[in-house]
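# Structural description and commentary
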Amino acid sequence: MVEKHKVSNIYQLRAVVMEEWKRFPVVTYEALVNSVPRDLRQDTMSSPKPQEGVSGLSEAVGPESWSKVSCPCCISAQVEPLVLIQLADNVQPSTKQWIMAMISAPQKSGGAGLLAHPGEDASWGRIVVAAPRCTLLQATEDLGLCKADKDGNMITFSYSDRDNFSNIDDMQKFLTLAQRQYIVKYELETMRAMRDQRIPGVVGDKGVLKSRQNICELNCYEFELEKERQVQKLQKARVILDVFPLRDERQLKTLGREWYSQKRLWGQPLDSIHAYFGGSIAFYFSFLDFYTWALVPPAVLGLFISFFLPKWGSTEGEKADPLVPEVKSGSPVEDGDQLSVSGLMVQAVFSMIWSTVFIELWKRRNAALSYRWGSITLTERFQEPRPGFHGDLGINPVTGRLEPLFPDWKRKVRLGLVSLPVVLLFLGLVVLGMLGFYFFEAVMSNFHKASGTLITATLSYLPSIIHIIYTNMLGNSYRNVAQRLTEWENHREESSFQNHLTTKVLVFTFFNNFAVLFHIAFFREDLNLLRKRLSSLLILSQAVNQFTEVLVPYIVDRFYSSAEKELKEDDPEADHLQAEGSLPPFPGLFAEYIELLVQFGYLSLFSCVYPLTAVLLLLNNITEIRGDAYKICCLFRKPFSPPESGIGVWQAAFEVLGFASVVSNCWLLLLAPRIKALTLDTGLSPATVLVYAVIVEHVLITVKFILAFMIPDEPDWVRIKREQIEYRSMKAVSQQKVKRAEASELLPAKS
């Protein structure tokens, strides 16, 4: 136990050093602090506050082994572990020490400016990483995040003006857990060799670092790109196996009770999701929630049209559709084509209006959330290049930093002359597979009609099986090709890389999912077959989705999950890091967005031929929300989540589908047999009908643009706040210039 007068003396010593900080070099302050006995130094620092970070791990890795900090404001009695680096089993202690030294080195020396802890001992194959206060604050400015000032207004954070912001002395309140962990990843990715050197303990070419080469790229990023093809080779040579953020079990359980364990159907704890999982995941669940409840109006309309509107060709005693003449015997209209003309028109026009209003209202919600979460002024284009970016070393004309430079015209040439033709080639292969499927289906159908045996009946399924195998193999090959093409295009920012990769895969996936439906609708002109195909796709896909999204995760968590079981040993805190590493990595949100986009396409493009589409989608998505929440909380490793201002390129994809819905619904109406019968009865020629269809299409497109123009993309209060942020940022820059000018005037003139 430390006596009170001794503690007081140590506090006085630290206070004097703080006051005279600018007059002493860094090494003097470190020497003064280190001169205090270690046991006194740990006990006499400010009392640690309850952490919202990784509970229990602070005690497990103890503060005495963390790397030292030179800034006095970053000294703390309790360090919050944020990220774990998993090393290969054969990594030498000298290699681990070198990695820790690079992590702790300042940014100007090529390091990350973070805190590193070796774990149990120097031979332990993991490194725990934390972030000092100044690194967190400087990265907040680099990322362009907005934070609340003393008056509660959200403004772009400035490190030089940090004292004017709320909670600036408490990083657990100033930044969310997801933001703190992403900043660690962001700083790790900026580590670069300042000169040609060799990594200690790594032999061969794998251990050679060239000047300005990204260290994480050499050891981590390359493994992620090549792991499918060169697993055995990289297992022998790689140094860093994985980097992942640590989970906070206490905060996660609280979020789970508030999120997927609740029995309520409406609303989600979006702020809690954003605080724990970050912007990209919070925006996904916000969009999923908004989209799910936006399905209620089309679902109600679909039920009304399907069960309450009069049918085409009503029997005696039923009310007939007033827009359609009486159906005579021998009518070519098929029995399954029974919806009324008025019902078709109402559904088609409503789908067009609904898709437009839905997208515009989502933009408004997106703007409000991006302001609330401080991501309305992100500045990624001025950050350090992403790890995979390469080019000739030079001075960035915007930031003035030395970094790889790559001409934009070269990237555009690669996009236009290589990437685009390759994408078109794969789309052609999709069409070729579809035509082959129809051809062999017709051959097998004729063969079965000619023989009529059980064997030919079984063989009639062969074209479908071959087509499914073909499309799956083509899809897997295309994803690998798209990855390599996007890498070769050499995008500087991570968001640009992801957007181009997403666009490539998105175009192929859209074509692969809707090509058959468009072929049935506009080439075969068989709307009855289209309705049957769409209904079977929806019912089958929803059944498979419920099985994979709800039942399989429950079984895996109930019988095969090992993380919680491993923590039931005698020393749960010591096994915590190992248990987290055993969880599978989060697969990302790409498949989830694809699923929503395909749903939206079914609804907006083809719902006029099957009005119950929205009903099936609504029932599916109500369970989808809870299933996705359960999976990300319980079954996967916690992912890094960068600050986001929206759902990115996916919003543009939904807008494109909304525009295509106008054209699709107009031509589906034109091709409907009941519409054809109506035009024939009125004596209109096919050319006249075509002209009318084009006119109606353009009128609806005009209405769509008018609606989009009338609904602002952001609420007025968000627009005012955004303009205030821009004005204050401009004013702060002007004040900084004035202060620099005044300071230069006070400096003594050089003799």
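Description of the structure in this document. Just so we're clear, the structure is a prediction, and the values are computed from it rather than from any experiment. (Residues numbered from 1 in each chain as written. Predicted model: local features only at pLDDT ≥ 70, side-chain atom pairs only at ≥ 80, totals over all residues. Heavy atoms only, no water.)

## Comments concerning the nonpolar core
Grouped together as the largest cluster of nonpolar side chains are 124 residues, with contacts concentrated most on Ile103 and Phe277. Discounting chain neighbours no more than four positions away, the residues touching Ile103 are Ile85, Ala112, Gly113, Leu114, Leu115, Ala116, Ile127, Val129, Leu188 and Met191. Judged by nonpolar contacts, the second largest core, of 11 residues, contains Leu474, Tyr478, Phe497 and Leu501. (Core = buried A, V, L, I, M, F, W, Y, C linked by side-chain atoms within 4.5 Å. Buried < 20%, exposed > 50% of the residue type's maximum accessible area, 1.4 Å probe, protein only. Contact = heavy atoms within 4.5 Å.)

## Section: the sheet that holds strand E1 (residues 83-87)
Within the open sheet, the 4 strands sit side by side as E2-E3-E1-E8. Their pairing is antiparallel. The strands lining the two open edges of the sheet, one partner per strand, are strand E2 (115-117) and strand E8 (240-245). For this sheet, the mean angle separating the axes of adjacent strands, direction not counted, is 20°. Note: E1 against E8, 5 bridges, orientation antiparallel. Counterpart to Leu84 in the pairing with E8 is Phe244. Contacting E1, E2, strand E3 (126-130) and E8, helix H5 (residues 93-104) runs over the sheet at an angle of about 10° to E3. Sheet strands touched by helix H8 (residues 177-189): E1, E3 and E8. Its angle to E1, the strand with the most contacts, is close to 45°. (Pairing = 2+ DSSP bridges. Helix = DSSP H or I, 4+ residues; strand = E, 2+ residues; numbered from the N terminus. Axes fitted to C-alpha atoms, helices over the stretch in contact; angles between N-to-C directions.)

## Some remarks on the packing of aromatic side chains
One pair of aromatic rings is described through two measures. These are the centre distance and the angle between the planes. In the structure shown here, the tally under the stated rule is 33 aromatic pairs. Judged by centre distance (5.7 Å) and plane angle (85°), the ring pair of Tyr371 and Trp717 falls under edge-to-face. Residue Tyr371 is located in helix H15 (residues 341-372), and its partner Trp717 is located in helix H28 (residues 716-746); the two are separated by 346 residues in the primary sequence. According to the relative accessible area criterion, Tyr371 is buried, its value standing at 9%. Assessed through its relative accessible area of 44%, Trp717 is described here as partly exposed. In textbook terms, an aromatic cluster arises when at least three aromatic residues are bridged by ring pairs, as seen for Trp259, Tyr276, Phe277, Tyr284, Phe285, Phe590, Tyr593 and Trp650. For the cation-ring pair, Lys638 lies above Tyr276, with the distance from its terminal atom to the ring centre recorded as 4.8 Å. (Phe/Tyr/Trp six-rings, centres within 6.5 Å; stacked < 30°, edge-to-face > 60°. Lys NZ or Arg CZ within 6 Å of the ring centre and 35° of its normal.)

## Some remarks on helix H6 (residues 133-143)
With 8 of 11 residues buried, H6 lies mostly within the body of the structure. Within the sequence span of H6, burial applies to Arg133, Cys134, Thr135, Leu136, Leu137, Ala139, Thr140 and Leu143. Where H6 is buried, its residues touch strand E4 (146-148), helix H7 (171-174) and H8. At the C-terminal side of H6, Gly144 shows a positive phi close to 75°.

## Concerning the pattern of salt bridges
Going through the model one piece at a time under the given rule, you end up with 18 salt bridges. Two residues, Asp408 and Arg411, come together in a salt bridge whose shortest N-O distance is 3.0 Å. With Asp408 and Arg411 both in helix H16 (residues 408-451) and 3 residues apart, the pair spans about one turn of that helix. Taking the relative accessible area as the measure of exposure, Arg411 reaches 12% and is therefore buried. For Asp628, the salt bridge is made with Lys631, and the minimal N-O distance between the two is 3.7 Å. Of the two residues, Asp628 and Lys631 are both situated in helix H24 (residues 613-634); the distance of 3 residues between them amounts to about one turn of the helix. Note on accessibility: Asp628 and Lys631 belong to one class, buried. (Salt bridge = Lys/Arg side-chain N within 4 Å of Asp/Glu carboxyl O.)

## Remarks on the packing of helix H18 (residues 462-489) against helix H19 (residues 494-522)
Two elements in contact, H18 and H19, have axes whose closest approach is 9 Å; the angle formed by their N-to-C orientations is 155°. As far as their axial angle goes, H19 and H18 are roughly antiparallel. Note that H18 runs across H19; the crossing there is right-handed. The segment H18 lies against H19, with Thr471, Leu474, Gly475, Tyr478, Arg479, Ala482, Gln483, Leu485, Thr486, Glu487 and Glu489 engaging Phe497, His500, Leu501, Lys504, Val505, Phe508 and Asn512. Looking at the contact of H18 with H19 residue by residue, the class counts come to 8 nonpolar, 6 polar and 4 charged. (Parallel < 35°, antiparallel > 145°, perpendicular 65-115°, else oblique. Left-handed = near helix turned anticlockwise from the far one by under 90°. Nonpolar A, V, L, I, M, F, W, Y, C, P; charged D, E, K, R; others polar.)

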